[in-house]
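# Coordinate inspection notes
The chain contents come next:
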Amino acid sequence: MAMHKLLTASLMFPALAGLMSGCSDSGSSSSSTVSVYVQAGQEDINHAIVRSVAITEAGLPNEDAEGRLVRSEYVTDKHGVVKAVISTGELQLFELVGRDADSDTATAATTVRCQWVAGCSAGAFAADMEQTANLGWRSVAYDLSKNERIRVTPLTDLAAQLAFDYVYNESLVSGSGTVADVAVGWVETGYYSAYSTEQAISQVSRVFGISNVQTTEPADLTQINEWRGADAAKAADSIRYGALLAAWAHLAENHTAVDGVNFTHAVAADFSANKGQMMQQGGTQTLTLAALYTDAISNLQALNVTDATLQGYIAGVVSALQADIDGFTADPLTAKVPDTLLSLFGQSDYDDFVLGIKRTKAFVGVMRNYSDTFFEDSYKAKVDQYVDLLKKIGDEHAANLNTIVTAYRETAELYQQTYLAGANTCADTSAYAWVTSCSYSNPTMTLNNGTIIVSQAVADVNTTDADDKPTSSNAIDVLIRGTYEQGTLRFVVDNVYEDDNAANDILSASGVRVYFTTPVSTLADPAGNEILGYEMRWSDFSLYDTSRVGGAEEAEVTGSYRIFFRGVKDPQDSNSERRFNIDTVVLNGRISDKVGDDNKQDVDYSTLYVAATSTNASEHYPAQRFASFNGFFTPSPAFAADVVDGLVSYVTGEQTVAGQNVQYLDFYVPLGESQRFRFYPTVKREDVNDVDKDDDKTELVSTHDLEICDLSNSGGGWVVSSCKPKQRLYAERDLQLAINDLWEAGVFSRIEIPGRGLYFVTWPTNTADANGCLTLAPLATAETSMDGTLYDPMVLGLNAVRVTSEVRLKDQPRTLLDVLLNAPTMDRYKLTAALSHNYSGLTSSDVYLGTGSALDRVVLSFDTDSSFKTTGSLAVYRDGVALTLNDGTETTIDSELTAYLQQNYNLSPLPYKYITGSDGKYDLCVLNNVAEVADNTVLADAVFTLNFRDVVYGRIRQENGIWLIRYIDGSWETL
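Report follows, based on the coordinates. (Residues numbered from 1 in each chain as written. Predicted model: local features only at pLDDT ≥ 70, side-chain atom pairs only at ≥ 80, totals over all residues. Heavy atoms only, no water.)

## Quick look at the overall build of the protein chain
Put simply, the test is: A run of H or I in DSSP becomes a helix once it reaches four residues, and a run of E becomes a strand once it reaches two; helices and strands are each numbered from the N terminus. Exposure categories follow from relative accessible area, calculated using a 1.4 Å probe and restricted to protein chains: below 20% of the type maximum is buried, above 50% is exposed, and the middle band is partly exposed. In what follows, residue pairs with any heavy atoms lying within 4.5 Å of each other are defined as contacts. Counted as positive: Lys and Arg. Counted as negative: Asp and Glu. His and the chain ends are not counted at all. Every charge is mapped to an atom, namely NZ of Lys, CZ of Arg, CG of Asp or CD of Glu.
Within the protein chain one finds 13 helices and 50 strands. Its C-alpha atoms put the protein chain at 120 × 85 × 50 Å along the principal axes. Considering the protein chain as a whole, with its 975 residues, one finds that 50% of them fall into the buried category. The contacts of the protein chain with a sequence gap of at least 6 include a subset with a gap of at least 24, amounting to 64%. Positive and negative side-chain charges in the protein chain, numbering 69 and 127 respectively, have mean positions lying 2 Å apart.

## Topic: the nonpolar core
Using the following cut-off: To define a nonpolar core, start from buried Ala, Val, Leu, Ile, Met, Phe, Trp, Tyr and Cys residues and group those joined through side-chain atoms within 4.5 Å.
Counting residues in hydrophobic clusters, the biggest one holds 108 residues, and the most contacted among them are Tyr-408, Ile-480, Tyr-484 and Phe-491. Looking at this core, the element that brings in the most residues is helix H12 (residues 377-421), giving twelve residues. Setting aside residues no more than four positions away along its own chain, Ile-480 makes contact with Tyr-408, Thr-411, Ala-412, Ile-452, Ile-453, Val-454, Val-493, Ser-510, Gly-511 and Val-512.

## Observations concerning a negative patch on the surface
Which entries qualify depends on this criterion: Patches were defined on residues exceeding 30% relative accessible area and lacking a salt bridge, with like-charge contacts within 9 Å and nonpolar side-chain contacts (Val, Leu, Ile, Met, Phe, Trp, Tyr) within 5 Å. Throughout, the Shrake-Rupley method with a 1.4 Å probe supplies accessible areas, and for residues the shown protein chains are the sole cover considered. The term salt bridge refers to a pairing of a side-chain nitrogen on Lys or Arg with a carboxyl oxygen on Asp or Glu at a separation within 4 Å.
A cluster of acidic side chains, namely Asp-100, Glu-130, Asp-741, Asp-919 and Asp-923, defines a negative patch on the protein surface. Position of Asp-100 relative to the elements: it lies in the loop between strand E6 (91-97) and strand E7 (111-113).

## Here's the deal with the side chain of Asn-274
Examined against the element boundaries, Asn-274 turns out to sit in the loop between helix H6 (263-273) and helix H7 (289-302). The buried category is assigned to Asn-274, whose relative accessible area is 14%.

## A few points about the pattern of salt bridges
Where side chains of opposite charge bring their charged atoms close, a pairing between them can arise. Enumeration over the complete set of coordinates arrives at 43 salt bridges. Where Glu-73 meets Arg-51, a salt bridge forms, and the shortest distance between an N and an O atom there is 3.9 Å. On the criterion of sequence distance, the pair formed by Glu-73 in strand E4 (residues 72-75) and Arg-51 in strand E3 (residues 49-54) is long-range, its members being 22 residues apart. Judged on exposure class, the residue Glu-73 and its partner Arg-51 are both buried. Of the charged contacts in the structure, one is a salt bridge between Lys-869 and Glu-63, with a shortest N-O distance of 2.6 Å. Remark: Glu-63 occurs in the loop between E3 and E4 and Lys-869 occurs in strand E41 (residues 869-884); sequence separation between them is 806 residues. Judged by its relative accessible area of 32%, Glu-63 falls in the partly exposed class.

## A word on the pairing of strand E49 (residues 962-967)
For the record, the criterion: A pair of strands counts as paired when DSSP detects no fewer than two bridges linking them.
One ladder, built from six bridges, connects strand E48 (residues 951-959) with E49; its direction is antiparallel. Note that in E49 the partner of Arg-955 across the bridge is Arg-966. Between E48 and E49, which follow one another and run antiparallel, lie two residues, and Asn-960 among them has a positive phi close to 55°. Taken together, the three bridges between E49 and strand E50 (residues 972-974) define a ladder with antiparallel strand orientation. Opposite Ile-965, over in E50, you have Glu-973 as the bridge partner.

## Quick look at the side chain of His-704
Basically, it comes down to this: N or O atoms within 3.5 Å of each other form a polar contact, as long as, within protein, one can give a hydrogen and the other can take it, and as long as residues adjacent in sequence are counted only when both atoms are side-chain atoms.
For His-704, the location among the structural elements is in strand E29 (residues 700-713). In terms of polar contacts, His-704 uses its side chain to reach the backbone carbonyl oxygen of Ala-731, at 2.9 Å. Beyond its immediate stretch of four places on either side in the chain, His-704 contacts Phe-679, Tyr-680, Pro-681, Thr-682, Gln-727, Arg-728, Leu-729, Ala-731, Glu-732 and Arg-733.

## Some thoughts on the state of the cysteines
Note the following rule: Throughout, disulfides are identified as pairs of cysteine sulfur atoms within 2.5 Å of each other.
Scanning all chains against the criterion turns up four disulfides. Through a disulfide, Cys-426 is tied to Cys-438; the S-S separation comes to 1.9 Å. What sets the handedness of the Cys-426 and Cys-438 disulfide is the S-S torsion sign, and at about -85° it is left-handed. Separated by twelve residues along the polypeptide, Cys-426 in the loop between H12 and strand E13 (438-441) and Cys-438 in strand E13 bring together distant segments of the chain. For Cys-426, a relative accessible area of 16% puts it in the buried group. Each sulfur in the disulfide pair Cys-709 and Cys-723 lies 2.0 Å from the other. Torsion about the S-S bond of the Cys-709 and Cys-723 cystine: about 100°, corresponding to right-handed handedness. Of the two residues, Cys-709 is situated in strand E29 and Cys-723 in strand E30 (residues 718-723); the sequence distance between them amounts to 14 residues. Exposure remark for Cys-709: the relative accessible area of 0% places this residue in the buried category. In the protein chain, the bonded cysteines, taken in the order they occur along the sequence, pair up as 1-2, 3-4, 5-6, 7-8.

## Regarding the packing of aromatic side chains
Spelled out, the test is: Aromatic pairs are defined between Phe, Tyr and Trp rings, using the six-membered ring for Trp, whenever the two ring centres lie within 6.5 Å; interplanar angles under 30 degrees are classed as stacked, those over 60 as edge-to-face, and all others as tilted. Lysine and arginine charges are scored as sitting over a ring when NZ or CZ, respectively, is within 6 Å of the ring centre and within 35 degrees of the ring normal.
For the coordinates displayed, the defined rule picks out 36 aromatic pairs. The interplanar angle of 55° and the centroid separation of 5.7 Å between the aromatic rings of Tyr-408 and Tyr-484 together place this pair among those described as tilted. Of this pair, Tyr-408 sits in helix H12 while Tyr-484 sits in strand E16 (residues 473-486), and the two are 76 residues apart along the sequence. Measuring from ring centre to ring centre gives 6.2 Å for Phe-944 and Trp-963, while their planes differ by 65°; the resulting arrangement is edge-to-face. Here the residue Phe-944 occupies a position in strand E47 (residues 943-948), and Trp-963 occupies one in strand E49, the gap between them amounting to 19 residues. Residue Trp-963 is classed as partly exposed on the basis of its relative accessible area, which comes to 21%. Joined through ring pairs, the aromatic side chains of Tyr-408, Tyr-432, Trp-434, Tyr-484, Phe-491, Trp-538, Phe-541 and Tyr-561 make up one cluster. For Arg-51, the ring lying beneath its charged end belongs to Tyr-922, and the centroid distance is 4.2 Å. Against the face of Tyr-37 rests Arg-149, its NZ or CZ located 4.8 Å from the ring centre.

## A word on the sheet that holds strand E9 (residues 138-142)
The strands that make up a sheet pair up through hydrogen bonds in the backbone, lying either parallel or antiparallel. Which entries qualify depends on this criterion: Angles run from 0 to 180 degrees between N-to-C directions of axes, and those axes are lines fitted to C-alpha atoms, restricted for helices to the stretch in contact.
Read across the sheet, four strands follow the order E4-E3-E6-E9 without closing on themselves; strand pairing throughout is antiparallel. Both edges of this open sheet fall to E4 and E9, since each of them pairs with a single strand only. Strand-to-strand twist of the sheet, defined as the mean angle between neighbouring strand axes without regard to direction, takes the value 25°. Where E6 lies against E9, five bridges are found, and the strand directions are antiparallel. Among the inter-strand pairings, Gln-92 is bridged to a residue of E9, identified as Ala-141. Across the face of the sheet, helix H4 (residues 194-208) comes into contact with E6 and E9 while running at roughly 120° to E9.

## Overview of the sheet that holds strand E10 (residues 149-152)
One open sheet holds the three strands; their spatial order is E5-E1-E10, and the pairing between them is mixed. The strands lining the two open edges of the sheet, one partner per strand, are strand E5 (81-87) and E10. Averaged over all pairs of adjacent strands, the angle between their axes in this sheet comes to 40°, without regard to strand direction. Where strand E1 (residues 33-40) meets E10, four bridges bridge the pair, whose relative direction is parallel. Along E10, the bridge assignment pairs Val-38 with Ile-150.

## A short note on the pairing of strand E45 (residues 922-926)
One ladder, built from five bridges, connects strand E44 (residues 912-916) with E45; its direction is antiparallel. In the strand pairing of E45, Tyr-914 is matched with Leu-924. Taking the residues between adjacent antiparallel strands as the criterion, E44 and E45 are bridged by five residues, where Gly-920 takes a positive phi near 80°.

## Topic: the environment of Glu-148
In this fold, Glu-148 is placed in the loop between E9 and E10. Along the backbone, Glu-148 and Val-858 are 710 residues apart, and their C-alpha atoms lie at a distance of 39 Å.

## Describing the packing of helix H3 (residues 154-165) against H4
This is how it is decided: An angle below 35 degrees is treated as roughly parallel, one above 145 as roughly antiparallel, one from 65 to 115 as roughly perpendicular, and anything else as oblique. If you view the pair so one helix is near and one far, a crossing is left-handed when the near helix is turned anticlockwise from the far one by less than a right angle, and right-handed when it is turned clockwise. For this classification, the nonpolar set comprises Ala, Val, Leu, Ile, Met, Phe, Trp, Tyr, Cys and Pro, the charged set comprises Asp, Glu, Lys and Arg, and every other residue, Gly included, is treated as polar.
Between H3 and H4, the shortest axis-to-axis distance is 8 Å and the interhelical angle comes to 135°. With respect to H4, the axis of H3 lies oblique. For the pair H3 and H4, the crossing hand works out as right-handed. In contact with Leu-155, Leu-158, Ala-159, Leu-162 and Ala-163 of H3, H4 contributes Ser-196, Thr-197, Ala-200, Ile-201, Gln-203, Val-204 and Phe-208. For the contact of H3 with H4, a count of residues per class yields nine nonpolar, three polar and no charged.

## Some words on the packing of helix H5 (residues 232-253) against helix H8 (residues 308-326)
Contact geometry for H5 and H8: axes closest at 9 Å, N-to-C directions at 60°. Between H5 and H8, the angle is such that the two are oblique. Viewed along their axes, H5 and H8 form a crossing whose handedness is right-handed. Across from Ala-232, Ala-235, Ala-236, Ile-239, Arg-240 and Leu-244 in H5, the residues of H8 making contact are Leu-310, Tyr-313, Ile-314, Val-317, Ala-320, Leu-321 and Asp-324. Of the residues belonging to the contact of H5 with H8, the class tally is eleven nonpolar, no polar and two charged.

Pasting the structure below:
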């Protein structure tokens, strides 16, 4: 990314508007929250974790940068119930996760009741068995009401998978224009929608013969007598559901997982591949209905039931299941279809669905030539003319401006040479071709016949105290005011004075601020008082072309500007010369069409604000004395392939601290930060933080403290210099395990060396476990040294850039561009840009967004900071846009169309992943003991979901080299 282009572009709207070929972002719709009940299994799963996850407006589960679900967690009670708080009117995902018992944290194991009359592998019928395997069930629900109750079972998991993969198209879509026809049936999506969610629940319910797999209560067969007084139809429905789940569990415990995929998820994969159908009998798929129903029948018949009414209910269920089996034929799939959208949603919501698709397609049609229609014809011609003029002037004077900036910096150098010489005359000016005359009378220097005046003053660097006129400080202002000219380009600079009167005190100085190591009252000799930094300051400047004054192309740039150069030494060589990095840049300017009018006679003008700060400005050692703008994100060639023998070493040991036996690991990094990791003894404490979330804060849990101390070595050996506050960990002390956890997080393998970058240290590991996870081999008992290889060289980067520009043309609407960029590295950055036109007001989130009744707006978001994927969105808003629908009717509505980007990185090998550990929490799993992986990600793999007015209606991706939009009704068109 060419950062310097981003910084110097005064107007980016034409380029950004040219991107608008048909996609965009949408802000989250506001919603209230409600509490709902989520019930697991047959109301028989205790101490399990239910993760509650919002589905985003992209139709995808909400994930963090590491690919983990952003979730609230609840623990089921003895009835398998949690009470979750969710947003109304939205899609919500619930996931059931088991956990093992943990005596350290007093965590109870997940238990599942055995529903198989002949007994389960881990317990007899009706016994509560510890179980973590064959769970991971999901349930996706839409627009739940207060205190509504839904289920999480293997059958809701099938529905969750189907709802993500497909939506059902109910009728032939008649295409027109670029929209193609599509037949009835399941249409591939790759995102959740309200429509696919309700259709999937309906489909699974019909395939398995349950009224509703998400709301029907599955009977607990161990408490079957509770159903003897129930309504016959309700009882039959629930008993059938319970019988199928019991048979499912029986089959699952006898299933051998392949590649770590459990029984339920294997069936869900088959079910989705079959487009919502199950194999009736025969075949080679994971499950057939015949096998499930046969087991369900045998289990029901084995129940000991004496109540005649209940016997009749069970007999009816058995008879129905047998009838289903008798109707099966070998191999074919079922042929069920879901309830219609009309019956699922009602007439009003169904009409909204149909109209929404039509409007989405119509809006896409508007977007096809959006770069030409974003601005009105009359405005576009005028703004193009305005931008062309500014570009023309900028191109003509680029070299002249560089010369003036150099002359300004050299003015400070000449003044410093003159002052330090101690004579009442100017230093030699022969090296400065722009100087035509120079006179000096301590402390004032006059250049070029009085057009430039230079002096000095103590800088007030402490703006928080009451002293506005210090007699000494760590900085001196070389005050520069006057006029510089190069060709026909004139630059006028002055201080900012109190009440805008030059006779008053200076509020903000112009010139070059010089920062010294120790306080000074005047400029000091750098040989005895080293310079730590320079800041070029134009507190009040004007820049214009004298040849254009009074003409049609008259223009002036005014405002303030400062750039701070921070001095650094090589972190690995204290005797190196000090060099200077660009640390901060701030420009607050105004481009006017009149020179020197104090903004009162402007017809056309624009404002420009730029602020940028640099990453590693205090650590990166530049290749030259002053770092340049085009040097950002450029690594030092001196360390391009650096390998350091013995970069790190470690040793373990024990010591007594405050009467306690402490185990430790010393980690020595001579070129960086060396530390001692202390592990204090295990102590039983009350669980005041309720780590197992069972609402009991009086249980005794095992804890130990971790203390990290800095080590220093002055030649006599390593000693502890200081320690950070202790961290309390909920676990028995185990040095090997604790160091392994830190190694997995990269603490000991990815080592930052000041001034050079990140090095990778390859530690010995054990053979990968069943999940492919690597663990640290047993630690050596003697001091062990390891080499390090540089894989991420330190660079000077712009970690934050803000560019805001507004254009105001006579008798025309306003246009505002606001860009925010956060870029810790060239490859990992977050970009947000908003282009607003014809607005009456502004609101601020990350950037300024226009509002108003005639608004046109584009918002671009792009985030590559995630470890595993790129995300982003492109949103287009038009107020009162007229859309012509397929049937020729026209509608006018406020419209926002959003394309959400979700692109997983194609990494080979995958460096790590997150798995659900035995405690039900995410565990980091290191897959490859390497520094870098190959990234084969290409744009052709990107997928966009299309959101219109807060509803997902389609998907955009490349198929056979062509970008296609596939709508939720199955129709498609090329982009």
